[in-house]
Amino acid sequence: MNATSPTAPQRHVQFRLPFPRSITGVWIFAVGIILLVMLGVQILSGIVLAMFYVPTADSAFDSIVHIMRAVRQGELVRNLHAIGASLFFFACYLHIFRAMYYNVYRKPYLKMWAISVTLYVLLMITAFLGYSLIWGQKSYWAATVITSFARAIPFVGDTLYTFFVGGYAPGTPMLGRFYVLHFIIPFAIVAMTIWHVRTVQSAFAHAMKKTFTARESQRLLFDFRVTERDALKLTLFLMLFAWFLFFAPHYLSSADNFIPADPTVTPAVVAPEWYFLPFFSILRCFPNELAGIAAMCASVLIFYLLPWLDTSRARFRHYSKWIKLGFWIWVGNVFFLGWLGSKALVGPDLLDGLSNDDGWIRAASQLSTLIYFAWFLLVMPCRRLLEKQD
């Protein structure tokens, strides 16, 4: 055997795809391979669950109980899907925060960023639809509250509500439609994921000033060097996944969702899963429903505008320490918004003061929402004044 043969494949692998410093430096934030693995877990477990799920108001909850009690390994598959959704979003938020911290939304990453935001929107829609299918007490009322906000949209609100709910209140027609959409949208997510991977390759190549031939581009759909570098963090993440799966399978679930949906009993706190709580907090903190819908949609869609809201063209070594500090304050504020979303909405509006005998959750939610948007609309346009431009 040739003495140089063990090193030849390594040189070939390293040649295949260049990497920016932002990927190789803070390795814990480069979680693309984790998201790919979790997407596969969600799709495969979802297909199995779809074989036994019954999308009717009378049988939806019972069919999930049947899966967990009567289907062989059904409880494992169901917990795999439920816990996988939470950890999927956990990895997704790490991915987003990393991209925002290193400004991976400027040229040549514009297309990659737009596709990433679209993927996130599709994931949110899919997760909300799947959460509603549980038809437990918490998921039923969360779906009821969210769909009822559609009525506040001028001109088309009642039509949209009727289209999604299929009647005067959530029931079997809504479950059937949510079930079909929850099954179909993941195919669009897979297609968008493949497109996203290809745009990552081309963006990295452009950033590192490397040109790939047509043959090399065809071979670069999944690169081995990414897998080698991500093996450690993927293993640690799967260990976390396994701990939840085998030792705390219901830790991330709400106790109310183990109760069948009852339209006559309203839970003390109506809230979605933890990964929706920041946006839910923004949605409900406004007295006007239309303003709440507009603010919630804007809180997600504003990520599309981030490349143009950020006026700075500084590289990472020239990032202002105040901007870095402001970013982590913004991240902490997002977590605070999520905590507020899990609490009952009590107290007066922000203009009436935070201190009140009735509570302060509403005022704090409104203040936190202002901080959320201030990062995009005030700090980002002004950061050019604080940084040395490259």
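Residues numbered from 1 in each chain as written. Predicted model: local features only at pLDDT ≥ 70, side-chain atom pairs only at ≥ 80, totals over all residues. Heavy atoms only, no water.

**Q** Would you take a moment to explain the overall build of the protein for this structure?
**A** Along the protein, the regular secondary structure elements total 16 helices and 0 strands. Taking as baseline every contact in the protein between residues at least 6 positions apart, the subset at least 24 positions apart corresponds to 77%. Accessible area for the protein stands at about 20,400 Å²; split by element, carbon and sulfur atoms hold 69% of it. (Helix = DSSP H or I, 4+ residues; strand = E, 2+ residues; numbered from the N terminus. Contact = heavy atoms within 4.5 Å. Areas by Shrake-Rupley, 256 points an atom, 1.4 Å probe, with all protein chains shown as cover.)

**Q** Help me out: how do you make sense of the packing of helix 5 (residues 74-101) against helix 15 (residues 321-341) in this one?
**A** If you want to describe how two helices pack, look at the angle between their axes and the distance between the axes. Here helix 5 crosses helix 15 at 155°, and the two axes come no closer than 11 Å. With respect to helix 15, the element helix 5 is oriented roughly antiparallel. The two elements helix 5 and helix 15 meet at a crossing, and its hand is right-handed. In this structure, helix 5 uses F97, M100 and Y101 to contact helix 15, whose residues at the interface are K324, F327, W328, W330, V331 and F335. Among the residues making up the contact of helix 5 with helix 15, the classes are represented as 8 nonpolar, no polar and 1 charged. (Axes fitted to C-alpha atoms, helices over the stretch in contact; angles between N-to-C directions. Parallel < 35°, antiparallel > 145°, perpendicular 65-115°, else oblique. Left-handed = near helix turned anticlockwise from the far one by under 90°. Nonpolar A, V, L, I, M, F, W, Y, C, P; charged D, E, K, R; others polar.)

**Q** Please clarify how the environment of K321 should be interpreted in this entry.
**A** For K321, the position within the fold is in helix 15. For K321, a relative accessible area of 63% puts it in the exposed group. In this structure the C-alpha to C-alpha distance between K321 and E387, which are 66 residues apart in sequence, comes to 9.3 Å. (Buried < 20%, exposed > 50% of the residue type's maximum accessible area, 1.4 Å probe, protein only.)

**Q** What is the right way to look at helix 13 (residues 289-301) in this model?
**A** An α-helix turns once per 3.6 residues; consequently, residues spaced three or four apart project the same way. Here helix 13 contains 13 residues, and its C-alpha end-to-end distance of 18 Å stays within 8% of the 18 Å for a straight helix at 1.5 Å per residue. Turning to helix 13, the residues buried within the fold contact helix 6 (110-133), helix 12 (277-284) and helix 16 (361-382). Its side-chain oxygen placed 2.9 Å from the backbone nitrogen of L290, N288 serves as the N-cap of helix 13. (Expected span 1.5 Å × (residues − 1). Polar contact = N/O pair within 3.5 Å; in protein donor to acceptor, adjacent residues only side chain to side chain.)

**Q** Teacher, can you tell me more about the pattern of salt bridges here?
**A** Counting across every chain of the model gives 2 salt bridges. D310 is the salt-bridge partner of R106, the closest N and O atoms lying 3.2 Å from each other. Taken together, the residues span a long stretch of sequence, with R106 in the loop between helix 5 and helix 6 and D310 in the loop between helix 14 (306-309) and helix 15 at a distance of 204 residues. Of the two residues, R106 and D310, both sit in the buried class. Residues D310 and R383 are paired through a salt bridge, measuring 3.2 Å at the closest nitrogen-oxygen approach. In this pair, D310 sits in the loop between helix 14 and helix 15 while R383 sits in the segment after helix 16, placing the two residues 73 residues apart along the sequence. Taking the relative accessible area as the measure of exposure, R383 reaches 2% and is therefore buried. (Salt bridge = Lys/Arg side-chain N within 4 Å of Asp/Glu carboxyl O.)

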